[in-house]
2 protein chains.
Amino acid sequence: MNFLGACMVSTGILAAASASAQQAEPLVISEQGSFFAGGSVVTTPGTYNNNVPTAEGQSIHGDHLYTFYQIPQDAKSTPIVMLHGHMQSARSWETTPDGREGFQTLFLRKGYPVYLVDQPRRGRAGNSLEAATIEPTPLDQLFFDQFRLGIWPDYFEGVQVDQSPETLEQFLRWITPNTGPYDPNVVADAMSALVDRTGPAILFTHSQGGGPGWLTAIRNEDIRAIVSYEPGSGFVFPEGEVPETMPSAGGPLAAEAVPLEDFQKLTRFPILIYYGDNFPTEPTERRGEDIWRVRLDMAKLWVEAVNRHGGDVTLVHLPEIGITGNTHFPFSDLNNVEIADHTAQFLAEKGLD
Amino acid sequence: MNFLGACMVSTGILAAASASAQQAEPLVISEQGSFFAGGSVVTTPGTYNNNVPTAEGQSIHGDHLYTFYQIPQDAKSTPIVMLHGHMQSARSWETTPDGREGFQTLFLRKGYPVYLVDQPRRGRAGNSLEAATIEPTPLDQLFFDQFRLGIWPDYFEGVQVDQSPETLEQFLRWITPNTGPYDPNVVADAMSALVDRTGPAILFTHSQGGGPGWLTAIRNEDIRAIVSYEPGSGFVFPEGEVPETMPSAGGPLAAEAVPLEDFQKLTRFPILIYYGDNFPTEPTERRGEDIWRVRLDMAKLWVEAVNRHGGDVTLVHLPEIGITGNTHFPFSDLNNVEIADHTAQFLAEKGLD
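- Looking at an unreviewed UniProt entry, chain A carries the name AB hydrolase-1 domain-containing protein, with the source organism given as Paracoccus denitrificans.

Next comes the structure, spelled out in structure tokens:
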């Protein structure tokens, strides 16, 4: 059965009925909890004085990730680890902005153990080993555009987003800042330590999380698949095969070089990449959309490169399979049950159910 | 049946057997998810330019709290909202440092809906409306002392903590910084907004969370009980009844004044306060312990004040009822099942089960 073809028969009505039925059933969780993975320790020279403490002789733990996991009863054997994007946290995968079940709970219902990550220097993994200054920065309108809800203050016609003010407010509060400099290698080191603990795992990444996702798979042989929702940066190519930097109305998008032997590690497992709707086909001065034009172009080159080296990457541009209106957050859009079903079918076809 | 007397017959052996049996049973969750409560919006004057965005005309959402909630099947009617302490997050209430179930899951098993909070400017509620600079600060040894695990590098004899390096490492990674200035009123505003959404609620607070806990109950009539584990600051007294500042080897502890009519709002519901073990009875130069001597003294004055005004506060100094070895984190200590049972019995006696 063809994966993409099969998905095209999925309808919004079926998806909605499915969601309603799912929400009526209780979740049966055999185990849940949280822990930290990876990270480093830095110790200041000197002798600690218990009664008059200074930095001398004291240590700090930082640069770890935090994960909250749930294992459903009669779980499938391969867990899903979900890594958020830029200025987001594990929150991205929980309840949708309009209050429905997000991918955390939807994939628990499908029988997968689910691990949600706050990456190092974000959220509950906030202890950074490098300093940061956080300035309150008004970005709501930029994010509205850049996350492709519409062109502020107007929503795109047919966008898969509830347009009530309450939903938009919840969505905008998902934003949470870096507590240290963003470093994809720090993230990938911690992610690899997490996979050492979970064992063989499926990785879901979002947006900026795409880059550290590839770097995790280069570090760790136990990645069994990656599903990347709108990867936005960190496209790695073999040295000598790096495409030219792509200009856009939102700034240039540069690819990154890795040694060939590292790149080839991305050919060991299946990869699925999604992009949503409202991508311009020609350059435009509309910044919020134009940044995605070049990311889709870059992703297509990346898919060609991985597959040329023997890999198994599928890129799904959702409107091309009849699924329209998706924003930069397809896993929490109004049709997220349909997206979850589409992803689950991919995992099943790859023997990961 | 007397509440304190009944708890004294609880034994460690029974508690351990109970924990083991509990962990074998799956959790049945009727609903789970997350949302933000409270907070503000600040908008920069001017007109937003979609194509060349600056701060002009843009807004920022911040100073909200984040909560993750779970409602067990056949749940009790009154949920428990758990608020963490200084440099902590909702993580405090999840898995213990040595990998056992924390209060999140233990109280779900007792049938309570449980809401875990990341307070404003912390964890996943990181977007602050005021700036902050975060410097990596080595504090592990100070926290070891101050959280009363022992006197670094030695653990207290009989302390209720697993002493493996792995457990200590997990515990020290719980630390996560403020992403904006700490402001108990910002926390209490958001907590009150959360209780507006949950309806009548029981509040559990830890350490620094004690202060905003009282302030929440002053703001919101729907607090049905507060259980405060080692409240560490923010003791509020009626104007004119504020005790003198108490010096300690770790600095002075000052009480705070509130109008009498606000203070009287703390007499409307039952309150239970816990303190653990290894409190000095006389002033000592040992900083990590001496700060707790004055906090226990202040708490005793606070209990007298609330009860003098018609309140219902019980202070349990655990060693006095035969429960020994507890640190500043009784809800995650080795005997946390016994502590949970003790708290649950209090709630039952107050008709909150």
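## Let's talk about the pattern of salt bridges
For step 1, the next point in the chain: Inspection of the entire model under this criterion finds 32 salt bridges over all chains.
For step 2, the next point in the chain: What emerges from the salt-bridge pattern is a single network uniting Asp63, Arg121 and Glu130 of chain A.

## As for the packing of aromatic side chains
All names here are of chain A.
For step 1, the next point in the chain: Scanning the entire structure with this criterion turns up 59 aromatic pairs over all chains.
For step 2, the next point in the chain: Note on Trp93 and Phe204: the rings are 6.5 Å apart at their centroids and 50° apart in plane angle, and the pair reads as tilted. Of this pair, Trp93 sits in the loop between strand 5 (80-83) and helix 3 (103-109) while Phe204 sits in strand 10 (residues 201-206), and the two are 111 residues apart along the sequence. Take Trp93 and Phe204: they sit in the same class, and that class is buried.

## Observations regarding the nonpolar core
For step 1, the next point in the chain: Within the largest apolar cluster, 105 residues are counted, with the highest numbers of intra-cluster contacts made by Phe103, Phe107, Phe204 and Leu347 of chain A together with Phe103 and Phe204 of chain B.
For step 2, the next point in the chain: Excluding its chain neighbours within four sequence positions, the residues that come into contact with Leu347 of chain A are Ile80, Phe107, Tyr112, Ile202, Phe204, Ala225, Val227, Leu352 and Asp353 of chain A.

## Notes on the interface of chain B and chain A
For step 1, the next point in the chain: Taken together, the contact between chain B and chain A spans 76 residues of the former and 76 residues of the latter.
For step 2, the next point in the chain: Area buried by chain B at its contact with chain A is led by Phe36, Arg124 and Arg173 of chain B, which between them contribute 14% of it.
For step 3, the next point in the chain: The interface formed by chain B and chain A holds four salt bridges in total.
For step 4, the next point in the chain: Where Arg124 of chain A meets Glu94 of chain B, a salt bridge forms, and the shortest distance between an N and an O atom there is 3.2 Å.
For step 5, the next point in the chain: Where chain B meets chain A, there are 57 residue pairs in polar contact (both at pLDDT 80 or more).
For step 6, the next point in the chain: Secondary structure elements with two or more residues in the side of chain B that touches chain A: strand 1 (27-43), strand 2 (59-72), helix 3 (103-109), strand 5 (132-134), helix 4 (140-146) and helix 5 (165-172) of chain B.

## Focus: the pairing of strand 1 (residues 27-37) of chain A
For step 1, the next point in the chain: In terms of burial, strand 1 of chain A is largely enclosed, as eight of its eleven residues are buried.
For step 2, the next point in the chain: Alignment of strand 1 of chain A against strand 1 of chain B, held across three bridges, turns out to be antiparallel. Considered in strand 1 of chain B, the bridge of Ile29 of chain A is made with Leu27 of chain B.
For step 3, the next point in the chain: Taken together, the eight bridges between strand 1 of chain A and strand 4 (residues 65-72) of chain A define a ladder with antiparallel strand orientation. Following the sheet pairing, Ala37 of chain A is matched in strand 4 of chain A by Leu65 of chain A.

About the cut-offs
Residues numbered from 1 in each chain as written. Chains lettered and ligands numbered in written order. Predicted model: local features only at pLDDT ≥ 70, side-chain atom pairs only at ≥ 80, totals over all residues. Heavy atoms only, no water. Salt bridge = Lys/Arg side-chain N within 4 Å of Asp/Glu carboxyl O. Phe/Tyr/Trp six-rings, centres within 6.5 Å; stacked < 30°, edge-to-face > 60°. Helix = DSSP H or I, 4+ residues; strand = E, 2+ residues; numbered from the N terminus. Buried < 20%, exposed > 50% of the residue type's maximum accessible area, 1.4 Å probe, protein only. Core = buried A, V, L, I, M, F, W, Y, C linked by side-chain atoms within 4.5 Å. Contact = heavy atoms within 4.5 Å. Buried area = accessible area lost by both parts, 1.4 Å probe. Polar contact = N/O pair within 3.5 Å; in protein donor to acceptor, adjacent residues only side chain to side chain. Pairing = 2+ DSSP bridges.

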